[in-house]
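Remarks on the overall topology
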Amino acid sequence: QVQLVESGGGLVQAGGSLRLSCAASGDTLSSYNVGWYRQAPGKEREFVAAIRYSGDSTGYGDTVKGRFTISRDNAKNTVYLHMNGLKPEDTAIYLCHAGYYKNSAQDYWGQGTQVTVSS
(Lines give C-alpha, C1' and ligand atoms only; values in the text may rest on other atoms or scores of the structure.)
Protein backbone atom coordinates (compact mmCIF):
# COMPACT_ATOMS: atom_id res chain seq x y z
CA GLN A 1 0.00 0.00 0.00
CA VAL A 2 1.35 3.39 -1.03
CA GLN A 3 0.39 6.64 0.62
CA LEU A 4 0.90 9.80 -1.44
CA VAL A 5 0.96 13.25 0.12
CA GLU A 6 1.03 16.36 -2.03
CA SER A 7 2.33 19.69 -0.79
CA GLY A 8 3.54 23.03 -2.08
CA GLY A 9 0.29 24.52 -3.29
CA GLY A 10 -0.83 27.99 -2.43
CA LEU A 11 -1.83 31.39 -3.75
CA VAL A 12 0.43 32.99 -6.37
CA GLN A 13 0.11 35.87 -8.80
CA ALA A 14 -0.05 35.29 -12.52
CA GLY A 15 3.42 34.80 -13.94
CA GLY A 16 4.70 33.34 -10.70
CA SER A 17 6.09 29.91 -9.87
CA LEU A 18 5.40 27.07 -7.49
CA ARG A 19 6.94 23.68 -6.86
CA LEU A 20 4.62 20.88 -5.88
CA SER A 21 5.86 17.76 -4.12
CA CYS A 22 4.38 14.27 -4.06
CA ALA A 23 5.95 12.32 -1.22
CA ALA A 24 5.37 8.60 -0.96
CA SER A 25 5.45 6.18 1.94
CA GLY A 26 4.75 2.49 2.19
CA ASP A 27 6.74 1.51 -0.89
CA THR A 28 9.58 2.66 -3.11
CA LEU A 29 8.30 5.24 -5.55
CA SER A 30 11.01 4.31 -8.06
CA SER A 31 8.86 1.29 -9.00
CA TYR A 32 5.97 3.51 -10.04
CA ASN A 33 5.09 5.65 -13.00
CA VAL A 34 3.91 8.92 -11.46
CA GLY A 35 1.62 11.53 -12.86
CA TRP A 36 0.14 14.85 -11.89
CA TYR A 37 -3.47 15.67 -12.65
CA ARG A 38 -5.60 18.66 -11.82
CA GLN A 39 -9.25 19.32 -11.29
CA ALA A 40 -10.92 22.69 -11.31
CA PRO A 41 -14.47 23.25 -10.04
CA GLY A 42 -17.03 22.07 -12.58
CA LYS A 43 -14.39 20.66 -14.92
CA GLU A 44 -13.12 17.21 -15.82
CA ARG A 45 -9.92 15.93 -14.27
CA GLU A 46 -7.07 16.92 -16.58
CA PHE A 47 -3.72 15.26 -17.20
CA VAL A 48 -0.82 17.59 -16.41
CA ALA A 49 2.43 15.64 -16.51
CA ALA A 50 3.90 12.18 -15.99
CA ILE A 51 7.28 10.59 -15.46
CA ARG A 52 8.24 7.00 -16.08
CA TYR A 53 9.40 4.89 -13.13
CA SER A 54 12.92 4.88 -14.59
CA GLY A 55 12.91 8.64 -14.95
CA ASP A 56 13.96 8.45 -18.59
CA SER A 57 10.72 9.63 -20.11
CA THR A 58 8.27 12.41 -19.35
CA GLY A 59 5.06 13.68 -20.88
CA TYR A 60 2.97 16.83 -20.56
CA GLY A 61 -0.50 18.05 -21.27
CA ASP A 62 -0.77 20.57 -24.09
CA THR A 63 -1.88 23.36 -21.77
CA VAL A 64 1.27 23.17 -19.63
CA LYS A 65 3.99 22.25 -22.14
CA GLY A 66 6.93 24.60 -21.92
CA ARG A 67 5.85 25.94 -18.52
CA PHE A 68 5.78 22.91 -16.20
CA THR A 69 8.50 20.34 -15.54
CA ILE A 70 8.13 17.02 -13.75
CA SER A 71 11.09 15.43 -11.97
CA ARG A 72 11.77 12.78 -9.39
CA ASP A 73 14.21 12.27 -6.55
CA ASN A 74 14.21 8.59 -5.73
CA ALA A 75 16.48 9.12 -2.73
CA LYS A 76 13.70 11.24 -1.21
CA ASN A 77 10.91 9.03 -2.57
CA THR A 78 9.38 12.19 -4.02
CA VAL A 79 8.17 13.47 -7.38
CA TYR A 80 8.04 17.19 -8.09
CA LEU A 81 6.09 19.44 -10.41
CA HIS A 82 7.87 22.69 -11.16
CA MET A 83 5.36 25.24 -12.40
CA ASN A 84 6.48 28.46 -14.06
CA GLY A 85 4.56 31.17 -15.87
CA LEU A 86 1.41 30.38 -13.93
CA LYS A 87 -1.90 31.58 -15.33
CA PRO A 88 -5.29 32.01 -13.65
CA GLU A 89 -6.55 29.04 -15.66
CA ASP A 90 -4.01 26.85 -13.85
CA THR A 91 -6.09 27.26 -10.69
CA ALA A 92 -7.15 23.79 -9.54
CA ILE A 93 -6.56 21.03 -7.07
CA TYR A 94 -3.43 19.18 -8.16
CA LEU A 95 -3.37 15.45 -7.51
CA CYS A 96 -0.55 12.94 -7.62
CA HIS A 97 -1.08 9.45 -9.06
CA ALA A 98 1.27 6.47 -8.91
CA GLY A 99 0.91 3.30 -10.96
CA TYR A 100 3.09 0.25 -10.39
CA TYR A 101 5.25 -0.24 -13.48
CA LYS A 102 4.51 -3.99 -13.74
CA ASN A 103 0.79 -3.65 -13.14
CA SER A 104 -0.97 -0.38 -13.85
CA ALA A 105 -4.07 -1.64 -12.04
CA GLN A 106 -2.08 -1.29 -8.84
CA ASP A 107 -2.39 2.44 -8.50
CA TYR A 108 -2.84 5.12 -5.88
CA TRP A 109 -4.00 8.72 -5.59
CA GLY A 110 -3.08 11.46 -3.17
CA GLN A 111 -5.56 13.88 -1.61
CA GLY A 112 -4.39 16.86 -3.63
CA THR A 113 -3.05 20.33 -3.01
CA GLN A 114 -4.81 23.56 -3.98
CA VAL A 115 -3.15 25.95 -6.41
CA THR A 116 -4.75 29.35 -6.88
CA VAL A 117 -3.39 31.84 -9.40
CA SER A 118 -4.63 35.40 -9.16
CA SER A 119 -4.74 37.76 -12.13
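Model, not experiment: these values are computed from the prediction.

1. Topic: the packing of aromatic side chains
One pass over the full model with this rule turns up six aromatic pairs. Centre to centre, the rings of Tyr 32 and Tyr 100 are 5.5 Å apart; their planes meet at 55 degrees, and the pair counts as tilted. Separated by 68 residues along the polypeptide, Tyr 32 in strand S4 (residues 32-39) and Tyr 100 in strand S9 (residues 92-100) bring together distant segments of the chain. According to the relative accessible area criterion, Tyr 100 is partly exposed, its value standing at 21%.

2. Quick word on the state of the cysteines
Per the counting criterion, the structure on display carries one disulfide. A sulfur-sulfur separation of 2.0 Å characterises the disulfide bridge that pairs Cys 22 with Cys 96. Its S-S torsion of approximately -80 degrees makes the covalent link between Cys 22 and Cys 96 left-handed. Of the two residues, Cys 22 is situated in strand S3 (residues 18-25) and Cys 96 in strand S9; the sequence distance between them amounts to 74 residues.

3. Description of the sheet that holds strand S7 (residues 68-73)
What holds strands together in a sheet is hydrogen bonding between their backbones, with the strands either parallel or antiparallel. Read from one edge of the open sheet, four strands run S1-S3-S8-S7, paired in antiparallel fashion. Two strands lie at the open edges of the sheet, namely strand S1 (3-7) and S7, each paired on one side alone. Neighbour-to-neighbour, the strand axes of this sheet turn through a mean angle of 15 degrees, independent of strand direction. Sheet topology places S3 next to strand S8 (residues 78-83); six bridges connect them, and they run antiparallel. Each residue of the ladder has a partner; that of Arg 19, found in S8, is His 82.

4. Re the side chain of Thr 78
Checked against the element boundaries, Thr 78 lands in strand S8. Relative accessible area serves as the criterion here: at 9%, Thr 78 is assigned to the buried category. A polar contact is formed between the side chain of Thr 78 and the backbone oxygen of Lys 76, at a distance of 2.8 Å. Not counting chain neighbours up to four residues away, the residues in contact with Thr 78 comprise Ser 21, Cys 22, Ala 23, Leu 29, Arg 72 and Asp 73.

5. Some points on the pattern of salt bridges
Tallying each qualifying case throughout the model produces five salt bridges. Its salt-bridge partner being Asp 62, residue Lys 65 comes within 3.3 Å of it at the nearest N-O pair. Given a relative accessible area of 51%, Lys 65 falls into the exposed group. Take Asp 62: its relative accessible area is 66%, and that puts it in the exposed class. In this structure, Asp 90 and Arg 67 form a salt bridge, with 2.7 Å as the shortest nitrogen-oxygen distance. Pair noted here: Asp 90 is in the loop between S8 and S9 and Arg 67 is in the loop between strand S6 (58-60) and S7, with a separation of 23 residues, a long-range link. A residue is classified by how much of its surface remains accessible, and Asp 90, at 1% relative accessible area, is buried. Here the salt bridges do not stand alone but share partners, grouping Arg 38, Glu 46, Arg 67 and Asp 90 into one network.

Definitions and limits used
- Residues numbered from 1 in each chain as written.
- Predicted model: local features only at pLDDT ≥ 70, side-chain atom pairs only at ≥ 80, totals over all residues.
- Heavy atoms only, no water.
- Phe/Tyr/Trp six-rings, centres within 6.5 Å; stacked < 30°, edge-to-face > 60°.
- Helix = DSSP H or I, 4+ residues; strand = E, 2+ residues; numbered from the N terminus.
- Buried < 20%, exposed > 50% of the residue type's maximum accessible area, 1.4 Å probe, protein only.
- Disulfide = S-S within 2.5 Å.
- Pairing = 2+ DSSP bridges.
- Axes fitted to C-alpha atoms, helices over the stretch in contact; angles between N-to-C directions.
- Polar contact = N/O pair within 3.5 Å; in protein donor to acceptor, adjacent residues only side chain to side chain.
- Contact = heavy atoms within 4.5 Å.
- Salt bridge = Lys/Arg side-chain N within 4 Å of Asp/Glu carboxyl O.

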